[in-house]
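# Close look at the chain arrangement
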Amino acid sequence: MTSPTKPADQSASPAEDPRRSAALRTAIIMGLVALGIYGAFFLRAILNS
Amino acid sequence: MAEHATHDTHDEHHDDHQQSFFMRWFCSTNHKDIGTLYLLFSLVMFFIGGFMALVIRAELFVPGLQLVHPEFFNQMTTMHALVMIFGAVMPAFVGLANWMIPMMVGAPDMALPRMNNWSFWILPFAFTMLLLPLIQYAFFGVGAGGPAGGWTLYPPLSLQGGNNVAFTIFAIHMMGVSSIMGAINVIATILNMRAPGMDLLKMPVFCWTWLITAFLLIAVMPVLAGAVTMLLTDKFFLTSFFNAAGGGDPVMFQHIFWFFGHPEVYIMILPAFGIVSEIIPTFARKPLFGYQAMVYATASIAFLSFIVWAHHMFTVGMPLGGELFFMYATMLIAVPTGVKVFNWVSTMWKSSMTFETPMLFAVGFVILFTIGGFSGLMLAIVPADFQYHDTYFVVAHFHYVLVTGAIYSIMAATYYWLPKWTGVMYNEALGKWHFWLSTIFVNVLFFPQHFLGLAGMPRRIPDYNVAFADFNLISSIGAFGFGLAQLIFAWIVIQCAFLGRGAKATDHVWEGSKGLEWTLSSPPPHHSFSTPPVINDKDLAHGDVTH
Ligand code: HEM
Ligand SMILES: [Cu+2]
């Protein structure tokens, strides 16, 4: 293992971390799933009305 | 969107630690600081909810009505549950996730740090909303008080409250948004931010249980939100979702609520399983027995938790086929749960154990949670549940799984990681006092409730037949003893976290601890793993999955 105890390495800016855009994609998909489940109740209610 | 991703990477300028108090805590995007906020919030809520519990037990000390009005008593039972579930247990687990998951998987922070800040800061507002009607009533004599229809919010009863209905529903929506955002962050962090070489099946079990919990949250929090939105429109906007007079169905609320509610109880116990699976191997100095079995058992429990909800409504008048289905499906959960219990026991079997406070709470968890599992199995039997339903037997059941289950795991986790978080070793002697007093009194408190339930004492009532007097007296004594013991816990935390009093903790803290978090200093630097660590399988707690 490297020595992670040393203070955070400033050279690797997390801004350039490609994992972050992938993470954002995951987050958006999960957010849409949640909204979809919530919305489904009201879609049904409206269709039934 | 890519723009967004860039902006979330807040941290560069924060390293100097020269931020103002406001910037550090209110505008925090650091997973460790946000974890601390969640944990402190949870501790405060634990004491508020605990105070309500003591009001309940004080009233029930002897038969008759003495301290509070029945209406206020009902507000206490309702608010106690809501505060403990949504304010104490869930935020504590999210706090632990925030602190530990990035360090365990070798990520620099949670995947979406600014959303993380939002997830937390919604909560104080949500709980102000929730508590406001009660505070107004209790301290200023204004209004009719908080919700009193039970935490399950069954209509039509729950809609007969005054304006507190709107406050409660608004608060629940906010808590739901907070939980969903927290869950999204956990999923994105685990799926996308692991250090190279940290394969999914090398992750600590705590990360696995939280990943699965997060999927449960995303699946069921919107269901709760849907249910309470319909309550809201029924009360204020003339709909009749649950109003039979308007063509609706009150039993439908129960189905929707418990479709959320049963997975919710697993949301409160799966992370606990993860914590115990971290602690037992450390103090047994042996790798976890059956790592993969643990992961698959967690996934099966999560799946089954979606198909057992109606065991909460056996007495509502379901068709026989429904009763049988939900009975057998419920009993099936005992199989993966048993796998877990046997794996913990096998980990301890022929190991070299020591019993520091985290281990005491973990072993206490295994034994006492299992008692709650057994009473659960009894409740799963339809004809038996016809007798037990809505009695103190149910109260005893869920307090064994929640107090000696979920809360014990949170205590265990706190003792286990507090030296890592603060750099200060807690007072071991006080920790042991806390454990033993809690464990004695929690059983004095909840075990007699089994007998009360079997004898027919209903739950949620402020007065009772004199036949139930003895066990209620014992139970109330246990409650005050347990409550007092928790002051020791608060004092221990204050000593480490705020006063810095105690021996300096080493980086490894425990002799048998393994995993990435222990390679960091105690306390860890404000930013850890900005460069992903190199993963060396034999240093991981569960790197070698052939065990
Ligand atoms: C072995 C697994 C379990 C089984 C078979 C089981 C079974 C049941 C059943 C049948 C009931 C309904 C009793 C009634 O109202 O008549 C119930 C209630 C309850 N269970 Fe469990 N349970 C299990 C584990 C858990 C766990 C792990 C938790 C939480 C951590 C939990 C929390 C609760 C709660 C909170 C209630 C009461 C809800 C309410 O009415 O307010 N249970 N359980
Ligand atoms: Cu259930």
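Note that the structure is predicted; figures quoted are calculated from it, not measured.

Moving on, we get to the coordination of the iron atom of ligand 1. Residue and element names in this part refer to chain B. Coordination of the iron atom of ligand 1 by the protein involves just one donor, His 397 (NE2), at a distance of 2.1 Å. Here the iron atom of ligand 1 and the copper ion (ligand 2) are spaced 4.6 Å apart. Take His 397: it is sitting in helix α15 (residues 392-422).

Right, let's talk about the side chain of Ser 305 of chain B for a bit. By the secondary structure assignment, Ser 305 of chain B is in the loop between α10 (291-304) and α11 (320-332). Within the structure, the side chain of Ser 305 of chain B is placed 2.7 Å from the backbone oxygen of Ala 302 of chain B, a separation counted as a polar contact.

With that settled, consider the coordination of the copper ion (ligand 2). Reference geometry at the metal: tetrahedral coordination by four donors gives ideal angles of 109.5 degrees; octahedral coordination by six donors gives 90 or 180 degrees. All of the protein donors around the copper ion (ligand 2) are His 262 of chain B (ND1), His 311 of chain B (NE2) and His 312 of chain B (NE2); their distances to the metal are 1.8 to 2.1 Å. Overall, His 312 of chain B belongs to the partly exposed group, its relative accessible area being 21%.

With that settled, consider the layout of surface pockets. Residue and element names in this part refer to chain B. The volume enclosed by the second largest pocket comes to roughly 780 Å³. Considering the residues around the second largest pocket, the lining is formed by 37 residues, among which Thr 36, Leu 39, Leu 40, Trp 99 and Ala 497 are closest to the centre. Going through the elements one at a time, α2 (21-26), α3 (31-59), α4 (70-105), α15 and α17 (469-497) are the ones with two or more residues in the lining of the second largest pocket. Looking at the lining of the second largest pocket, the element that brings in the most residues is α3, giving 9 residues.

Residues and elements named next belong to chain B. A complete count under the given rule lists 46 aromatic pairs over all chains for this structure. For the pair Phe 273 and Phe 365, a centre-to-centre distance of 6.3 Å together with 85° between the ring planes defines the contact as edge-to-face. Taken as a pair, Phe 273 in helix α9 (residues 270-284) and Phe 365 in helix α13 (residues 357-380) lie far apart in primary sequence, 92 residues in all. An angle of 40° between the planes, with centres 5.2 Å apart, marks the rings of Phe 451 and Phe 471 as tilted. With Phe 451 in helix α16 (residues 428-454) and Phe 471 in helix α17, this pair connects stretches of sequence that are 20 residues apart. Given a relative accessible area of 38%, Phe 451 falls into the partly exposed group. By relative accessible area, Phe 471 is classed as partly exposed at 34%. Above the ring of Phe 236, the side-chain terminus of Lys 235 is found at 5.8 Å from the ring centroid.

Between the first and last C-alpha of α11 of chain B there are 18 Å, a value that for 13 residues agrees with the 18 Å anticipated at 1.5 Å per step. Tucked into the core, α11 of chain B has its buried residues touching α12 (334-348), α13 and α14 (382-388) of chain B.

Nonpolar side chains in soluble globular proteins generally cluster together in the buried interior. All names here are of chain B. Core analysis: the biggest nonpolar cluster contains 190 residues, and Phe 86, Trp 210 and Trp 344 have the highest contact counts within it. At 24 residues, the largest contribution of residues to this core is made by α4. Beyond its immediate stretch of four places on either side in the chain, Phe 86 contacts Pro 91, Phe 127, Met 175, Met 221, Leu 224, Phe 260 and Glu 264. Counting residues in hydrophobic clusters, the runner-up holds 5 residues, among them Ala 384, Tyr 388, Phe 393 and Val 394.

Take the confidence of the model for chain A next. Mean pLDDT over chain A stands at 73; residues scoring 70 or higher make up 63%. The low-confidence segment residues 1-12 of chain A, where pLDDT is below 50, has 23 contacts with residues more than four positions distant or belonging to other chains.

This part covers the packing of α9 of chain B against α12 of chain B. Residue and element names in this part refer to chain B. α12 packs onto α9 with a crossing angle of 15° between their chain directions and a minimal axis gap of 9 Å. The orientation of α9 with respect to α12, classified from their angle, is roughly parallel. As α9 packs across α12, the resulting crossing turns out to be left-handed. Seen from α9, the contacting residues are Phe 273, Val 276, Ser 277, Ile 280, Pro 281 and Ala 284; seen from α12, they are Lys 340, Trp 344, Thr 347 and Met 348.

The next thing to look at is empty space enclosed by the protein. Residues and elements named next belong to chain B. The final tally for this structure, using the stated rule, is 5 cavities of 30 Å³ or more. The space that makes up the largest cavity amounts to roughly 80 Å³. Around the largest cavity, the lining residues are Tyr 38, Phe 86, Met 90, Pro 91, Val 94, Leu 123, Met 175, Ser 178 and Ser 179. Those elements giving two or more residues to the lining of the largest cavity turn out to be α4 and α6 (164-192). Broken down by element, the lining of the largest cavity gets its largest block of residues, 4 residues, from α4. For the lining of the largest cavity, a count of residues per class yields 7 nonpolar, 2 polar and no charged.

All right, on to the site of ligand 1 then. Residue and element names in this part refer to chain B. Lining the immediate surroundings of ligand 1 are 22 residues, of which Trp 151, Asp 385, His 389, His 397 and Arg 459 lie closest. For ligand 1, an oxygen atom lies 2.7 Å from a polar atom in the side chain of His 389. Elements represented by at least two residues in the shell around ligand 1 include exactly α8 (250-267), α13 and α15. When residues of the shell around ligand 1 are assigned to their parent elements, the largest contribution, 6 residues, is made by α13. Tallied by class, the residues present in the shell around ligand 1 amount to 13 nonpolar, 7 polar and 2 charged.

Reading the values: rules and limits
Residues numbered from 1 in each chain as written. Chains lettered and ligands numbered in written order. Predicted model: local features only at pLDDT ≥ 70, side-chain atom pairs only at ≥ 80, totals over all residues. Heavy atoms only, no water. Donors = N, O, S within 2.8 Å, 3.2 Å for Na, K, Ca; no water. Helix = DSSP H or I, 4+ residues; strand = E, 2+ residues; numbered from the N terminus. Polar contact = N/O pair within 3.5 Å; in protein donor to acceptor, adjacent residues only side chain to side chain. Buried < 20%, exposed > 50% of the residue type's maximum accessible area, 1.4 Å probe, protein only. 1 Å grid on protein atoms, 1.4 Å probe; cavity = no way out; pocket = protein on both sides within 12 Å on 5 of 7 lines; lining within 4 Å. Points joined across faces, edges and corners; volume = space filled by probe spheres on them. Phe/Tyr/Trp six-rings, centres within 6.5 Å; stacked < 30°, edge-to-face > 60°. Lys NZ or Arg CZ within 6 Å of the ring centre and 35° of its normal. Expected span 1.5 Å × (residues − 1). Contact = heavy atoms within 4.5 Å. Core = buried A, V, L, I, M, F, W, Y, C linked by side-chain atoms within 4.5 Å. pLDDT = per-residue confidence, 0-100. Axes fitted to C-alpha atoms, helices over the stretch in contact; angles between N-to-C directions. Parallel < 35°, antiparallel > 145°, perpendicular 65-115°, else oblique. Left-handed = near helix turned anticlockwise from the far one by under 90°. Nonpolar A, V, L, I, M, F, W, Y, C, P; charged D, E, K, R; others polar. Near = heavy atom within 4 Å.

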